[in-house]
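# Structure at a glance
Listed below, chain by chain, are the residues.
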Amino acid sequence: MGNINARGYIRIHINLFHNTIRFGSQEDALLLGDSLLMFIYSSLKPLQSRMHYSIEEFYSVHPFFRYCDPIWKSSFVQSLSDGSKDKSFPSVEHLIRLQEKYKSLLQSLYESSTGIDTKRIQSVLASEGWLRTQLSYSMLSLDFEDKEQFWADYFVSSFEECLFIELVEIIRRRVVIKPCRNCGKLFIPKKSNSDYCQRTYTPDGRTCAEVGYSRTFAQSVKNDELLLAYTRAYKAHYARVTKPRKKARNMTREEFQDWYREAKEKLDKARAGLIDPEEYKEWLKL
Ligand SMILES: [Zn+2]
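Quantities reported herein were computed from a predicted structural model and do not represent experimental measurements.

Scanning the entire structure with this criterion turns up eleven salt bridges. With a closest N to O distance of 3.4 Å, Asp195 and Arg181 form a salt bridge. Placement of Asp195 in the loop between strand S7 (186-187) and helix H7 (208-242) and of Arg181 in the loop between strand S6 (178-179) and S7 is noted, with a sequence separation of 14 residues between them. Accessibility expressed as a relative area gives 25% for Asp195, which makes it partly exposed. A salt bridge links Lys281 to Glu225, with the shortest nitrogen-to-oxygen separation between them at 3.4 Å. Placement of Lys281 in helix H9 (residues 277-284) and of Glu225 in helix H7 is noted, with a sequence separation of 56 residues between them. For Glu225, a relative accessible area of 37% gives the class partly exposed. Each member of the salt-bridge network shares a partner with another, and the members are Glu169, Arg172 and Arg173.

Taken as a class, soluble globular proteins show a tendency for nonpolar side chains to be buried jointly. In terms of nonpolar packing, the biggest core is built from 53 residues, with Phe58, Phe65, Phe76 and Leu106 touching the most fellow members. Among the elements that take part in this core, helix H4 (residues 92-110) stands out by supplying nine residues, more than any other. Not counting residues within four places of it along the chain, the set of residues in contact with Leu106 comprises Leu36, Leu37, Ile40, Glu111, Leu167, Ile170 and Leu186. Ranked by size, the runner-up nonpolar core spans 14 residues in total, among them Ala263, Leu267, Tyr280 and Trp283.

For the rest of this paragraph, the subject is the coordination of the zinc ion. Coordination of the zinc ion by the protein is provided by Cys180 (SG), Cys183 (SG), Cys197 (SG) and Cys208 (SG), with metal-donor distances spanning 2.3 to 2.4 Å. Geometry at the zinc ion is tetrahedral, judged from its four donor atoms and the angles of 107 to 115 degrees they form at the metal. Considered as a linear motif, the donors of the zinc ion on their single chain read C-x2-C-x13-C-x10-C.

Okay, helix H6 (residues 159-172) next. If you check H6, its first and last C-alpha atoms are 20 Å apart, about what 14 residues at 1.5 Å a residue would give, namely 20 Å. Buried residues dominate H6, accounting for ten of its 14 residues. Every buried residue of H6 is listed here: Phe159, Glu161, Cys162, Leu163, Phe164, Ile165, Glu166, Leu167, Glu169 and Ile170. Phi for Arg174, located one or two positions after H6, is positive at around 55 degrees.

What follows covers the confidence of the model for the protein. Here the protein averages 86 in pLDDT, and 90% of its residues register 70 or above. When the elements of the protein are averaged for pLDDT, strand S4 (residues 138-144) gives the smallest value, 71, and helix H1 (residues 34-40) the largest, 97.

This paragraph deals with the packing of helix H8 (residues 253-271) against H9. The N-to-C vectors of H8 and H9 enclose an angle of 165 degrees; their axes lie 10 Å apart at closest approach. One finds that H8 runs roughly antiparallel with respect to H9. Remark: the crossing between H8 and H9 carries left-handed chirality. Residues Trp259, Glu262, Ala263, Lys266, Leu267 and Ala270 of H8 form the contact with H9, whose own contacting residues are Pro277, Tyr280, Trp283 and Leu284. Across the contact of H8 with H9, the residue classes tally to eight nonpolar, no polar and two charged.

Our next topic: the domain arrangement of the protein. Note: interface size is frequently given as the accessible area lost on complex formation between the parts. Considered domain by domain, the protein is made up of domain 1 (4-199) and domain 2 (209-284). Placing the centre of domain 1 and that of domain 2 at their C-alpha centroids yields a distance of 52 Å. At the junction of the two partners, domain 1 supplies seven residues and domain 2 supplies six residues. Of the roughly 440 Å² buried between domain 1 and domain 2, counting both surfaces, carbon and sulfur atoms make up 45%. The interface formed by domain 1 and domain 2 includes zero salt bridges. Put simply, domain 1 and domain 2 have two residue pairs in polar contact (both at pLDDT 80 or more) between them. In the side of domain 1 that touches domain 2, the residues fall into two nonpolar, four polar and one charged.

Calculation criteria
Note on numbering: residues in each chain are counted from 1, in written sequence order. Per-residue local features of the predicted model are confined to residues with pLDDT of at least 70, and side-chain atom pairs are confined, for both listing and counting, to 80 or more; whole-chain, interface and lining totals are unaffected and use all residues. Excluded from the side-chain calculations are hydrogens and water; all other atoms, namely the structure's heavy atoms, are used. One speaks of a salt bridge when a side-chain nitrogen belonging to Lys or Arg is within 4 Å of a carboxyl oxygen belonging to Asp or Glu. Put simply, DSSP marks the helices as runs of H or I at least four residues long and the strands as runs of E at least two long, and each gets a number from the N terminus on. Only protein chains enter the area calculation, which uses a 1.4 Å probe; residues under 20% of their type maximum are buried, those over 50% are exposed, and those in between are partly exposed. Note on terminology: a nonpolar core comprises buried Ala, Val, Leu, Ile, Met, Phe, Trp, Tyr and Cys residues joined through side-chain atoms within 4.5 Å. By definition, residues are in contact when any of their heavy atoms lie within 4.5 Å. Here a donor is any nitrogen, oxygen or sulfur atom (N, O, S) within 2.8 Å of the metal, with 3.2 Å used for Na, K and Ca; water is not among the atoms considered, so some sites may look incomplete. In these descriptions, tetrahedral denotes four donors with every angle between 85 and 135 degrees, square planar four donors and octahedral six donors with opposite donors over 155 degrees apart and the rest between 65 and 115, and irregular any other case. Helix span is expected to be 1.5 Å times the residue number reduced by one. Note on scores: pLDDT gives the predictor's confidence for each residue, bounded by 0 and 100. In this analysis, axes come from line fits to C-alpha atoms, helices being fitted only over the stretch in contact, and the angle between any two N-to-C directions falls in the range 0 to 180 degrees. Roughly parallel refers to an angle under 35 degrees, roughly antiparallel to one over 145, roughly perpendicular to one between 65 and 115, and oblique to any angle outside these ranges. Rotating anticlockwise by less than a right angle from the far helix to the near helix defines a left-handed crossing, while the corresponding clockwise rotation defines a right-handed one. Classes in brief: Ala, Val, Leu, Ile, Met, Phe, Trp, Tyr, Cys and Pro nonpolar; Asp, Glu, Lys and Arg charged; the others, Gly included, polar. The split into domains, and so the bounds of each, comes from an automatic or database assignment of domains. By convention, the term buried area covers the 1.4 Å-probe accessible surface removed from two parts as they join, with the contributions of both added. Polar contact is defined as a pair of N or O atoms within 3.5 Å, subject to the rule that within protein one atom must be able to donate a hydrogen and the other to accept it, and that residues adjacent in sequence are counted only when both atoms are side-chain atoms.

Spelled out as structure tokens, the structure:
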């Protein structure tokens, strides 16, 4: 790094008792980990090979770009538009590489676990040699703005350090991160039993949570319908054994046992979506 001003200084405030974080002069704190997730899923690729850039295009990449030093912001955008004459500023390619590293790291840390698995986290971290980067952040003070909020105030000298500090904090504070059951992206559940994230998923603006829970509800209603159809058919078939009728074909006890076994198996399959529920209902009527 030749140009010292190219690094991008920023202060980060991390709440002592709550899992929240603020960048620079940011008023509203974010959940710890949310800006890291915002970064790994941000769309950087469309920003490659452009003629002109504006800093606002990076606001959706990470809060750092909104709240860092204004002089750095303009020099950064200038260096991108110049075709990176000054190699000490990060290029879009550099940001994409960082994004890929953090994305794959967070995925291996959190994607397949339902809770915090310290052993797994340790073994993933141990296999990642790049985590030893040149860091020079320092803790400036403990900032007691008011009696409610206690912040640890860090002085950080580059975007990369922002990412690193947040990563270390989510690990040491055991922040729960899990994959959304609808879109598969990692998210921080507000309630420990939430399975879906709050990202917009459909073109008309419905979130994964809205899509996911209405689907679960529809599924359970469907399962109730299947159970009802099965119960009805069970009674009807059993009656053919115990109270022989003229209209319906009578059944022996053995025939009924075979039917019962098959009906039960098919019910499980239909509930799991392995066979068509409508076909199952038709079969029950035979
Ligand atoms: Zn989702």
